[in-house]
Amino acid sequence: MTLRPIILHPDPRLKKLCSPIGRVTPDIESLAADMLATMYEAPGVGLAAPQVGVIQRLFVMDCTKDPEAPPKPMVLINPEILWQSDEPNTYEEGCLSFPDLYAEVTRPAQVRAEWTDLGGKRQTGDFEGLWATCLQHELDHLNGVLFIDHIGPMKRQMFTRKMVKLKRERAREA
Ligand SMILES: [Zn+2]
């Protein structure tokens, strides 16, 4: 298991439409294990393959809030949303590609999704609360859509300016 560097916005790899995964190969299995380790280490509740430079339709998440509860790592390959509620939910979202930046995003409160698991089996599940928010945020990543695409243009530009500055500072330190 290897921790993979997380790509920071702005980066063209975060704007790409990711390709479907044909078969769960050992490479996909180790990608998923690396991504889960990277996500827990960050720490974060979700991480999509393009955030580690892999332009394929896979993300990992674990939105277990209770630190005493056992972890619930999920790997979703070729995920699709089958149904979403009319009822909205607003959540203050962050993203591992935007360290320390948070913004309120409104999305459907509940979703039903379908995905392929690491065993190659198609699964269906219902999600609500942070799980539903996270699933939609991560699925957006696979379509080159970022959480800042859901907020106003002023705030979006401010976030991008802050990230450009952060990346410049990090490049200077490196
Ligand atoms: Zn994100």
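Positions within a chain are numbered from 1, following the residues in the order the chain's sequence is written. Totals for whole chains, interfaces and linings use all residues, but because this is a predicted model, local features are given only for residues with pLDDT of at least 70 and pairs of side-chain atoms are given and counted only at 80 or more.

A cis amide bond links His9 with the next residue in sequence, Pro10, at an omega value of -5°. Residue placement: Pro10 occurs in the segment before helix H1 (26–41). In this structure, Pro43 follows Ala42 across a cis peptide bond, with omega equal to -5°. The helix and strand labels rest on DSSP assignments: H or I over at least four residues marks a helix, E over at least two residues marks a strand, and numbering proceeds from the N terminus. Along the chain, the position of Pro43 falls in the loop between H1 and strand S1 (46–48). Of note in this structure, Asn78 is not a glycine but carries a positive phi near 45°. On the secondary structure map, Asn78 appears in strand S3 (residues 74–84). Although it is not a glycine, Asp100 sits at a positive phi angle of roughly 65°. Tracing the backbone through its elements, the reader meets Asp100 in strand S5 (residues 98–108).

Attention now moves to the UniProt feature "active site" (unreviewed entry) in the chain. Per the UniProt record, the feature "active site" (unreviewed entry) sits at Glu138. Excluding residues that lie within four positions of it along the chain, Glu138 makes contacts with Gly46, Ala48, Phe59 and Met61. UniProt positions are given in the numbering used here, feature names are shortened, and annotations may be inferred rather than shown by experiment. Contacts here follow a simple rule: the backbone-placed C-beta atoms of the two residues must lie within 7 Å.

Below, the discussion takes up the sheet that holds strand S6 (residues 110–116). A sheet is described by the order of its strands in space; here 5 strands give the open sequence S1-S2-S3-S6-S7, paired in antiparallel fashion. Both outer strands of the open sheet, S1 and strand S7 (122–128), are each paired with one neighbouring strand and no more. Strand-to-strand twist across the sheet, computed as the mean angle between neighbouring axes with direction ignored, equals 40°. For every element, the axis is a line fit to its C-alpha atoms; helices are fit only across the contacting stretch, and the angle between N-to-C directions ranges from 0 to 180 degrees. On top of the sheet, H1 reaches S1, strand S2 (58–61) and S3; it is set at about 40° to S2, its chief contact. Note on pairing: DSSP must find at least two bridges between two strands before they are called paired.

Right, let's get into the pairing of S6. Two faces belong to every sheet, and in a regular strand the side chains alternate between them. By the bridge criterion, 5 bridges tie S3 to S6 in an arrangement that is antiparallel. Residue Ile77 lies in a different strand from S6, and its bridge partner there is Thr116. In sequence, S6 turns back onto S7 through a hairpin of 5 residues, with Gly120 there showing a positive phi of about 85°.

Attention now goes to H1. To estimate how far a helix should reach, multiply one less than its number of residues by 1.5 Å. Here H1 contains 16 residues, and its C-alpha end-to-end distance of 22 Å stays within 8% of the 22 Å for a straight helix at 1.5 Å per residue. Between the buried cut of 20 or more and the exposed cut of 12 or fewer other C-beta atoms within 10 Å of a residue's own C-beta lies the partly exposed class, and all C-beta atoms are placed from the backbone. Among the residues of H1, those classed as buried are Ile28, Leu31, Ala32, Met35, Thr38 and Met39. Projected down its long axis, H1 shows its buried positions confined to an angular sector of 130°, all on one face. Across from the buried face of H1, at angles greater than 90 degrees, the exposed residues are Pro26, Glu29, Ser30 and Glu41. Those residues of H1 that are buried are in contact with S1, S2 and S3. The directions from the helix axis to the C-beta atoms are what the arc is built from.

Taking the numbering used here, the UniProt-annotated feature "binding site: Fe cation" (unreviewed entry) corresponds to Cys95, His137 and His141. Spatial clustering of the annotated residues is evident: they stretch over 47 residues in sequence, but the largest pairwise C-alpha distance comes to 10.3 Å. Looking at the element boundaries, His137 is found in helix H2 (residues 129–142). Judged by the 25 C-beta atoms lying within 10 Å of it, His137 is buried. In this view, His137 contacts Gly46, Glu93 and Phe147; residues no more than four positions away in its chain are not counted. Residue position: His141 is located in helix H2. Classification of His141 as buried rests on a count of 23 C-beta atoms within 10 Å.

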